[in-house]
Amino acid sequence: MTIKNKHVADIYLNISHFIDHFIMLIFAKAAYDAGREFGLGYEEIIVFGVLGFILFGAAAPIASILANKYSRSVMMVIFHFGIGISAIICSFASTPWELSIGLGLIGVFAAIFHPVGIAMLLKNSKKLGYRLGINGVFGNMGVAAAPLITGFLLLISDWKLSFILPGIACILYGVIFLLALRDEPKAVQTEKTNERDDVFAPQWRRALLALALTTTSGGFIFGAMTFIIPRYFELQLTGITSSVAVTGLIASMVYAIAGFTQIGAGLLIDRFPAKPILFVIGVGQVIFIFLASTVSDLQLFFVTLVATSFVFGQIPIIDTIMSRYIPDKARGNVLSVKFALNLGAGASVLPISSLMLKNGYDLSSLFTVMSFMAMFVVLASLILPSGQRTQ
């Protein structure tokens, strides 16, 4: 079958978003056990995950170019098979460098989803904020499931099984995704709609500046919150539990509950201006991320839950703002740059964390850094134009 110019229902893209974040964050939970096998400490082994996170962002523009040349649906099929095979390759690593190469391959194929899959979702502007919120929830369910399922697999086996089984599942779902593709429906648009889809909205450059600030700082914060929290809970929830499986479960609860804030944020952005919503989210991040560095045990759980809710709630707002200022023909390229900035900033979390730990700082210090970074979200909300085009 030809898969050029195909489309797929939202639910399939939502599941793909789940897979994307799940596979990328297996290493976050499995790193400590993999390090022990290789004779390395946590602060040493996490550096070998940097390549994967760098390519997760750096390969996004390439994915967008290929999608524009061949088709978005072709790239999404490659995404599922590529990320699944790469995860299986990781399980065969016998040295940290081989593991790093496998994680790098995961990053290359994982980079496809955001500039390509989200662009497919944005093609239909109906209830866009809400649909982006739903898609974001699935992505965050992947974030939540990663420490939970990986923690369980670590209990019954080792870190290698944590890559093999999800890798096989990705390949099987790739077949389902391929079979679900359908011919692109002919768009029925008015002349006004066609004109709007080819024109940048007024003040779009100022809006892009605000989005660049938000996506860069947000990328660092999101990367740190999703990678560090499972390990941070192992260290700071000792008054509740010392089980790696239970701390993984608690981290998953935080991610899962916080993920649903994206639906609320999506509904808000469909009804109200983005500027005050983004401001409140930025202020909330500054306050509660900092508080997470000062508390432990049950207090830490609740503070982290609120902080993560503000972090996750930002996601659909950014993509909706982008869709209101940028026409469809340019969205793939803008999305690729956006995610290169976002995921590239997220990749810097690992070397920065490693450097801080090696120099005597603890993980709580990283939360102080994140709180500072969240101030740029507040700044971006002030720069964002007050008026914006609605869908």
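Below: a short report on this structure. Keep in mind it's a predicted model, so treat the numbers as computed, not measured.

**Remarks on the packing of helix H1 (residues 10–24) against helix H10 (residues 161–180)**
Then step 1. H10 packs onto H1 with a crossing angle of 160° between their chain directions and a minimal axis gap of 11 Å. As summarised for this structure, H1 and H10 are arranged roughly antiparallel, according to the angle between their axes. The interaxial crossing formed by H1 with H10 has left-handed handedness. On H10, the residues that touch Ile11, Tyr12, Leu13, Ile15, Ser16, Ile19, Phe22 and Ile23 of H1 are Pro166, Cys170, Tyr173, Ile176, Phe177 and Ala180.
Then step 2. Here the residues of the contact of H1 with H10 are counted per class, giving 13 nonpolar, one polar and no charged.

**Overview of a nonpolar patch on the surface**
Then step 1. A cluster of nonpolar side chains, Phe279, Val280, Phe372, Met375, Phe376, Leu379 and Leu382, forms an exposed patch at the surface whose accessible area comes to about 640 Å².
Then step 2. Within the residue set of the nonpolar patch, elements represented by two or more residues are helix H15 (274–292) and helix H19 (363–383).
Then step 3. Per-element accounting of the nonpolar patch gives the leading share, five residues, to H19.
Then step 4. Assignment of secondary structure puts Phe372 in helix H19.
Then step 5. For Phe372, a relative accessible area of 47% gives the class partly exposed.

**Regarding the packing of aromatic side chains**
Then step 1. Counted under the stated rule, the structure contains 14 aromatic pairs.
Then step 2. On the numbers, 5.0 Å between centres and 80° between planes, the contact of Phe48 with Trp97 is edge-to-face. In this pair, Phe48 is assigned in the loop between helix H3 (42–45) and helix H4 (50–58) and Trp97 in helix H7 (residues 96–110), connecting sequence segments 49 residues apart.
Then step 3. Overall, the relative accessible area of 14% leaves Phe48 in the buried class.
Then step 4. Cluster of aromatic residues (ring-pair linked, three or more members): Phe27, Phe53 and Phe227.

**Brief notes about helix H5 (residues 60–70)**
Then step 1. For H5, the full list of buried residues reads Ala60, Ala63, Ser64 and Ala67. The arc that holds every buried residue of H5, seen down its axis, measures 100°, which confines them to one face. Pointing more than 90 degrees away from the buried face of H5 are the exposed residues Ile62, Ile65 and Lys69.
Then step 2. Among the residues trailing H5, Ser71 stands out with phi positive, at a value near 150°.

**A look at the packing of helix H6 (residues 72–91) against H10**
Helix packing for two helices is described by the angle between their axes and how far apart those axes are.
Then step 1. Contact geometry for H6 and H10: axes closest at 7 Å, N-to-C directions at 165°. Taken as axis vectors, H6 and H10 run roughly antiparallel relative to one another. Once H6 is placed against H10, the crossing between them reads as left-handed. Counting all contacts with H6, which are made through Met76, Val77, His80, Phe81, Ile83, Gly84, Ile85, Ala87, Ile88, Cys90 and Ser91, the residues of H10 involved are Phe163, Ile164, Gly167, Ile168, Cys170, Ile171, Tyr173, Gly174, Val175, Phe177 and Leu178.

**Looking at the pattern of salt bridges**
Then step 1. Tallied over the entire structure, the rule returns five salt bridges.
Then step 2. Across the pair Arg36 and Asp33 runs a salt bridge whose closest N-O atoms are separated by 3.2 Å. Placement of both Arg36 and Asp33 in helix H2 (residues 26–38) is noted, with a separation of three residues, approximately one turn of the helix.
Then step 3. Look at Arg36 and you get exposed, because its relative accessible area is 54%.

Basis of the calculations
- Residues numbered from 1 in each chain as written.
- Predicted model: local features only at pLDDT ≥ 70, side-chain atom pairs only at ≥ 80, totals over all residues.
- Heavy atoms only, no water.
- Axes fitted to C-alpha atoms, helices over the stretch in contact; angles between N-to-C directions.
- Helix = DSSP H or I, 4+ residues; strand = E, 2+ residues; numbered from the N terminus.
- Parallel < 35°, antiparallel > 145°, perpendicular 65-115°, else oblique.
- Left-handed = near helix turned anticlockwise from the far one by under 90°.
- Contact = heavy atoms within 4.5 Å.
- Nonpolar A, V, L, I, M, F, W, Y, C, P; charged D, E, K, R; others polar.
- Patch = residues over 30% accessible without salt bridge, like charges linked within 9 Å, V, L, I, M, F, W, Y side chains within 5 Å.
- Areas by Shrake-Rupley, 256 points an atom, 1.4 Å probe, with all protein chains shown as cover.
- Salt bridge = Lys/Arg side-chain N within 4 Å of Asp/Glu carboxyl O.
- Buried < 20%, exposed > 50% of the residue type's maximum accessible area, 1.4 Å probe, protein only.
- Phe/Tyr/Trp six-rings, centres within 6.5 Å; stacked < 30°, edge-to-face > 60°.
- Arc of directions from axis to C-beta.

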